[in-house]
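Structure assessment
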Amino acid sequence: MSAPERMAQLRLEIRMIVGGSCLRATWRIFFDRESLDLTDNLGYGKEKRRQGNFDVLAGRMTFRDSFKEMLDSVVAAGHTFEECAEVLRQNIKLDPGFKEFYAWCKNNDIPVIIVSSGMAPLIRAVLSNLIGEESANEIEIIANDVIIHPDGKWEIKYRHPSSGFGHDKSQAILPYRDLPKPPTLFFFGDGVSDISAAKHADLLFVKIKGDGENDLSSYCTREGIKHVLFNDFSHALPVVQDIVTGKKTVQMVLDA
């Protein structure tokens, strides 16, 4: 099979699944982490938020309950949902290289799916502001929702409320495994919200964060889950391109 023929075939067999936490903001991280930024700056603060992460990693608390406590602390401080959305719109920037990464995927007919433990209305609003409404509408977003009460208070509405993850991201991946010809799945993540999906991707990219909060990397190392570390999407794109064009296999990348 020639390189162009292989490229055409692979376009139909690949899905890029981006954990919301991988798109960097001016404060911290976009999407999943938009809620962490709100918690650190408008809620009960970074120290309590980090302790919640440690409790999740240690199995003392579910991510669902920890995440809800974080968001509830923002509500308790009197911040409306629209106020939070506006703060994020004003402060968030994308991870370096994501626009180029998305453009390459789009040009090669490779779907990009954002799977987030954040709330879809926030994600859609901020993404539209960053890459334009047309491009934002082309990206499938699988996330939680929000309930806004008549008194102005709000709360997260989980996709999977009976799951300890609240939004079990593995449920966005596993249906592809049941297809007659399952696609190759690339997953990009960085935090505790990505734990449920970590072992189900063909190739897991784990983002290195300068703040030292590399919880997903620690979890994968502890559990023996092979993964590829990356700093931003400009570093991940060449690896993806090598696999899609047939220069390397997923196993070759994992064994490197």
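Keep in mind it's a predicted model, so treat the numbers as computed, not measured.

1. Section: the overall build of the chain
- Looking only at helices and strands, the chain features 13 helices and nine strands.
- Burial status across the chain gives 52% buried among its 256 residues.
- Across the chain, every contact between residues at least 6 apart in sequence was considered, and the portion connecting residues at least 24 apart equals 68%.

2. Topic: the confidence of the model for the chain
- The pLDDT averaged across the chain works out to 82; a share of 84% of its residues lies at or above 70.
- Across the chain, the element-wise mean pLDDT spans from 30 in strand 3 (residues 29-30) up to 96 in strand 6 (residues 154-157).
- Predicted confidence for residues 1-13 stays below pLDDT 50, and this span has 16 contacts to residues more than four positions away or in other chains.
- A low-confidence stretch, residues 20-33 stays under pLDDT 50, and its non-local contacts, those more than four residues away or across chains, total 86 contacts.

3. What to know about the pattern of salt bridges
- Scanning the entire structure with this criterion turns up 13 salt bridges.
- Across the pair aspartate 65 and arginine 64 runs a salt bridge whose closest N-O atoms are separated by 3.1 Å.
- Given the relative accessible area of 34%, aspartate 65 is considered partly exposed.
- Judged by relative accessible area, which is 21%, arginine 64 ranks as partly exposed.
- Across the pair lysine 106 and glutamate 138 runs a salt bridge, and its minimum N-O distance is 2.9 Å. Taken together, the positions of lysine 106 in helix 6 (residues 98-107) and glutamate 138 in helix 8 (residues 133-138) put the pair 32 residues apart, joining distant regions of the chain.
- Overall, the relative accessible area of 40% leaves glutamate 138 in the partly exposed class.
- Salt bridges here are not isolated pairs; linked through shared partners, they connect Glu82, Glu86 and Arg89.

4. Looking at the packing of helix 6 against helix 12 (residues 233-244)
- Two elements in contact, helix 6 and helix 12, have axes whose closest approach is 8 Å; the angle formed by their N-to-C orientations is 20°. In terms of axis orientation, helix 6 runs roughly parallel to helix 12. Where helix 6 crosses over helix 12, the two elements pack in a sense that is left-handed. Residues Phe98, Glu100, Phe101 and Trp104 of helix 6 touch helix 12, and the partners they reach there are Phe233, Leu237, Val240, Gln241 and Val244.
- Considering only residue class, the contact of helix 6 with helix 12 consists of seven nonpolar, one polar and one charged.

5. Considerations on the pairing of strand 6
- Pairing geometry for strand 5 (residues 140-148) and strand 6, over four bridges, is antiparallel. Among the inter-strand pairings, isoleucine 148 is bridged to a residue of strand 6, identified as tryptophan 154.
- Remark: five residues form the turn of the hairpin made by strand 5 and strand 6, two consecutive strands paired antiparallel; glycine 152 in that turn has positive phi of roughly 95°.

6. Regarding helix 7 (residues 120-131)
- The terminal C-alpha atoms of helix 7, which comprises 12 residues, lie 16 Å apart, in line with the 16 Å expected from a rise of 1.5 Å per residue.
- Along helix 7, the residues that are buried comprise Leu122, Ile123, Val126, Leu127, Leu130 and Ile131. Buried residues in helix 7, looked at end-on, bunch into an arc of 120°, giving them a common side.
- Glycine 132 sits one or two positions beyond helix 7 and adopts a positive phi of about 95°.

7. Regarding the packing of aromatic side chains
- For the structure shown, the criterion picks out 13 aromatic pairs.
- Between phenylalanine 205 and phenylalanine 230, the aromatic rings sit 5.9 Å apart at their centres with planes inclined by 90°, giving edge-to-face as the arrangement. Linking phenylalanine 205 in strand 8 (residues 203-207) with phenylalanine 230 in strand 9 (residues 228-230), this pair joins segments that are 25 residues apart in sequence. With respect to class, phenylalanine 205 is no different from phenylalanine 230; both count as buried.
- Judged by centre distance (5.6 Å) and plane angle (70°), the ring pair of phenylalanine 230 and phenylalanine 233 falls under edge-to-face.
- With a relative accessible area of 3%, phenylalanine 230 lands in the buried category.
- Among the aromatic residues, those joined into a cluster by ring pairs are Phe98, Phe101, Tyr102, Phe186, Phe188, Phe205, Phe230 and Phe233.

Cut-offs used in this document
- Residues numbered from 1 in each chain as written.
- Predicted model: local features only at pLDDT ≥ 70, side-chain atom pairs only at ≥ 80, totals over all residues.
- Heavy atoms only, no water.
- Helix = DSSP H or I, 4+ residues; strand = E, 2+ residues; numbered from the N terminus.
- Buried < 20%, exposed > 50% of the residue type's maximum accessible area, 1.4 Å probe, protein only.
- Contact = heavy atoms within 4.5 Å.
- pLDDT = per-residue confidence, 0-100.
- Salt bridge = Lys/Arg side-chain N within 4 Å of Asp/Glu carboxyl O.
- Axes fitted to C-alpha atoms, helices over the stretch in contact; angles between N-to-C directions.
- Parallel < 35°, antiparallel > 145°, perpendicular 65-115°, else oblique.
- Left-handed = near helix turned anticlockwise from the far one by under 90°.
- Nonpolar A, V, L, I, M, F, W, Y, C, P; charged D, E, K, R; others polar.
- Pairing = 2+ DSSP bridges.
- Expected span 1.5 Å × (residues − 1).
- Arc of directions from axis to C-beta.
- Phe/Tyr/Trp six-rings, centres within 6.5 Å; stacked < 30°, edge-to-face > 60°.

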